Amino acid sequence: MLRKHLLIYATIFTFALISCSKKTQPSRTATIIYNNSEMTVKRNESPVSKSTGDNKPKAVFPKVITVNDNVAHKSVDGRYYYDVLGHRYWRNNKDGKYYLFNKSMYKDEAFKPQKN
């Protein structure tokens, strides 16, 4: 009885091992083009797309966020900022919202440090 079960398990294992091994590769498809009595065979690339692995979705960051001032950091000159995954938001002194950094902040009075 034990020998019979062992033989059945060995047979199932052997069939699974054989069926899981991939011995054939998919062939490249060929396109036959007929031009005036001339036949041209054009080989296409394999149906499997070659990916570099850079298909990760890019993170989208909003231009304006609202953050409690207790969790924001204070810079040396007294302005508040908040960092999110390498993007810095600076506090607008007029409306209290945090805006994603851009070069126009240097000229805008709402982002200048407050003088005490």
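Structure's up top.
Residues numbered from 1 in each chain as written. Predicted model: local features only at pLDDT ≥ 70, side-chain atom pairs only at ≥ 80, totals over all residues. Heavy atoms only, no water.

A closer look at the overall build of the protein chain
- Along its length, the protein chain carries one helix and seven strands.
- Among the 116 residues that make up the protein chain, the fraction classed as buried is 12%.
- On the protein chain, roughly 10800 Å² of surface is accessible, and the fraction owed to carbon and sulfur atoms is 57%. (Helix = DSSP H or I, 4+ residues; strand = E, 2+ residues; numbered from the N terminus. Buried < 20%, exposed > 50% of the residue type's maximum accessible area, 1.4 Å probe, protein only. Areas by Shrake-Rupley, 256 points an atom, 1.4 Å probe, with all protein chains shown as cover.)

Section: the sheet that holds strand 4 (residues 73-74)
- Strand order in the open sheet formed by five strands is 3-7-6-5-4, with antiparallel pairing between adjacent strands. Strands at the two margins of the open sheet, each flanked by one partner only, are strand 3 (64-65) and strand 4.
- As paired elements, strand 4 and strand 5 (residues 80-84) share two bridges and run antiparallel to each other. In the sheet register, Lys74 faces strand 5, and the bridge partner there is Tyr80. (Pairing = 2+ DSSP bridges.)

With respect to helix 1 (residues 2-20)
- Spanning 19 residues, helix 1 covers 27 Å between terminal C-alpha atoms, matching the ideal 27 Å at 1.5 Å per step.
- A small share of helix 1 lies buried, amounting to zero of its 19 residues. (Expected span 1.5 Å × (residues − 1).)

A word on the nonpolar core
- In this structure, Ile65, Val67, Ala72, Tyr89, Tyr98 and Leu100 together form the largest nonpolar core, which totals six residues.
- Discounting chain neighbours no more than four positions away, the residues touching Tyr98 are Lys63, Val64, Ile65, Val67, Asp69, Ala72, Tyr80, Tyr81, Tyr82, Tyr89, Trp90 and Arg91.
- In terms of nonpolar packing, the next biggest core, distinct from the first, is built from five residues, Tyr81, Trp90, Met105 and Phe111 among them. (Core = buried A, V, L, I, M, F, W, Y, C linked by side-chain atoms within 4.5 Å. Contact = heavy atoms within 4.5 Å.)

Considering a nonpolar patch on the surface
- Taken together, the side chains of Ile8, Tyr9 and Ile12 make up a nonpolar region of the molecular surface, amounting to roughly 330 Å² of accessible area.
- Summarising the element assignment, Ile12 is placed in helix 1.
- Assessed through its relative accessible area of 52%, Ile12 is described here as exposed. (Patch = residues over 30% accessible without salt bridge, like charges linked within 9 Å, V, L, I, M, F, W, Y side chains within 5 Å. Salt bridge = Lys/Arg side-chain N within 4 Å of Asp/Glu carboxyl O.)

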